Amino acid sequence: MGGLLKSVSGVRWAELRDATGAPAGGIPSLLSRIAYGDEDAARIAIDELGDAICALGFVVSEATAPTVPFLVELAGTPHVAYKAELLALLGSICQTDQWHSAATAARNGKRDTSYHQQPGWEAAARTAVFAGRSVIEGVASSVHPEEAASARRLLQMMDHIPPFPEL
C-alpha cells in the first residue's frame, strides 16, 4: 500500500470481527480506497468503514481500535479527501459508551451479562483516538476551514469526555 498505511498488513484482520459481527478482512481495502481512491470512492469507503467499525454511530467492535491509528494517519495526510468526515468518525468512536452503559446497567440490576470483552473494545478504541491527539491538533490548524473546525470539535470533545465507569 505504499508509504501510507504501510503497517496495515501487520494487523490480523481476518481474526477480528467488525461492528456488524462480520469478519474484518475488508477493512484494509476500505482504508486503501480512502487513501488512494477518487473522491467518490473515498466518500463511499468512509461510509462503509463507519458501518464496520462504529455501527449506527455508537457500537464499536474488536476491529475498531486497530483501525483508529490508520484513520488518524489518513486525517493527517495532505492529499486525503474528506478529512472532516474522518474526524467525525473518530469523534463517534471516542464518544461511544454503549457497552459500558449496558454493563453498568446489568451490574446494577445484578443480571448476568454475556458480554465481557465489549467494554474493553470501547476503552481501547477511545485510547487509540487519544493517542492520535498530536495529529488532530495539526489538522486543527489547517487552512481548510471545514477540516480545522472538525478537528477543533474533536479536540474539545476529547477534553470534556468523562472517563469510563469502573466495571
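### A closer look at the overall build of the protein
Here comes step 1: When helices and strands are tallied, the protein shows 8 helices and 2 strands.
Here comes step 2: Counting helices and strands in the order they occur from the N terminus, the protein gives α-α-β-β-α-α-α-α-α-α.
Here comes step 3: Buried positions account for 45% of the 167 residues belonging to the protein.
Here comes step 4: Partitioning the intrachain contacts of the protein with sequence separation of at least 6 by distance along the chain shows that 66% fall at a separation of at least 24.
Here comes step 5: As displayed, the protein offers around 8,500 Å² of accessible surface, 54% of which is attributable to carbon and sulfur atoms.

### Some remarks on the nonpolar core
Here comes step 1: Ranked by size, the top nonpolar core spans 45 residues in total, and within it Leu-31, Leu-71, Leu-74 and Ile-93 carry the most contacts.
Here comes step 2: Taken together, the elements giving at least two residues each to this core come down to α1 (27–36), α2 (39–53), α3 (64–75), α4 (83–95), α6 (118–131), α7 (133–140) and α8 (145–160).
Here comes step 3: Tallying contributions element by element places α3 first for this core, with 7 residues.
Here comes step 4: Setting aside chain neighbours within four positions, we find Leu-31 in contact with Leu-5, Val-8, Leu-49, Thr-67, Phe-70, Leu-71 and Leu-74.

### What to know about the packing of aromatic side chains
Here comes step 1: Evaluated as defined, the whole model comprises 1 aromatic pair.
Here comes step 2: Relative to Phe-70, the ring of Trp-13 has its centre 6.2 Å away and its plane inclined at 50°; by these criteria the two rings are tilted. With a gap of 57 residues between them, Trp-13 in the segment before α1 and Phe-70 in helix α3 connect regions that are remote in the sequence.
Here comes step 3: The class of Trp-13 is buried, set by a relative accessible area of 5%.

### Some words on the pattern of salt bridges
Here comes step 1: Going through the model one piece at a time under the given rule, you end up with 4 salt bridges.
Here comes step 2: As a salt-bridge pair, Arg-33 and Glu-48 come within 3.5 Å of each other at their nearest N and O atoms. Taken together, the residues Arg-33 in helix α1 and Glu-48 in helix α2 connect sequence positions 15 residues apart.
Here comes step 3: Its relative accessible area of 30% is what places Arg-33 among the partly exposed residues.
Here comes step 4: For the salt bridge of Arg-133 with Glu-137, the shortest nitrogen-to-oxygen distance reads 3.1 Å. One end of the pair, Arg-133, and the other, Glu-137, are both in helix α7, 4 residues apart, so they sit about a helical turn from each other.
Here comes step 5: Linked through salt bridges whose partners overlap, the residues forming this network are Arg-133, Glu-137 and Asp-159.

### Side note on unusual backbone geometry
Here comes step 1: Notably, Leu-5 is not glycine yet its phi reads approximately 65°, a positive angle.
Here comes step 2: Inspection of the secondary structure puts Leu-5 in the segment before α1.
Here comes step 3: A positive phi is found at Tyr-82, a non-glycine position, where the angle reads about 60°.
Here comes step 4: Along the chain, Tyr-82 falls in the loop between α3 and α4.
Here comes step 5: For Tyr-82, a relative accessible area of 22% puts it in the partly exposed group.

### What to know about α1
Here comes step 1: Those residues of α1 lying buried are Ile-27, Pro-28, Leu-30, Leu-31, Ile-34 and Ala-35. On an axial view of α1, the arc spanned by its buried residues comes to 160°, and they lie on one face.
Here comes step 2: Buried residues along α1 sit in contact with α2, α3 and α4.

### Section: a negative patch on the surface
Here comes step 1: Residues Asp-47, Asp-51, Glu-85 and Glu-146 make up a contiguous surface patch of negative charge.
Here comes step 2: Relative to the helices and strands, Glu-146 resides in helix α8.
Here comes step 3: Using a relative accessible area of 54% as the deciding quantity, one classes Glu-146 as exposed.

Procedures and definitions
Residues numbered from 1 in each chain as written. Predicted model: local features only at pLDDT ≥ 70, side-chain atom pairs only at ≥ 80, totals over all residues. Heavy atoms only, no water. Helix = DSSP H or I, 4+ residues; strand = E, 2+ residues; numbered from the N terminus. Buried < 20%, exposed > 50% of the residue type's maximum accessible area, 1.4 Å probe, protein only. Contact = heavy atoms within 4.5 Å. Areas by Shrake-Rupley, 256 points an atom, 1.4 Å probe, with all protein chains shown as cover. Core = buried A, V, L, I, M, F, W, Y, C linked by side-chain atoms within 4.5 Å. Phe/Tyr/Trp six-rings, centres within 6.5 Å; stacked < 30°, edge-to-face > 60°. Salt bridge = Lys/Arg side-chain N within 4 Å of Asp/Glu carboxyl O. Arc of directions from axis to C-beta. Patch = residues over 30% accessible without salt bridge, like charges linked within 9 Å, V, L, I, M, F, W, Y side chains within 5 Å. Lys, Arg positive; Asp, Glu negative; His and termini not counted. Charge placed at Lys NZ, Arg CZ, Asp CG, Glu CD.

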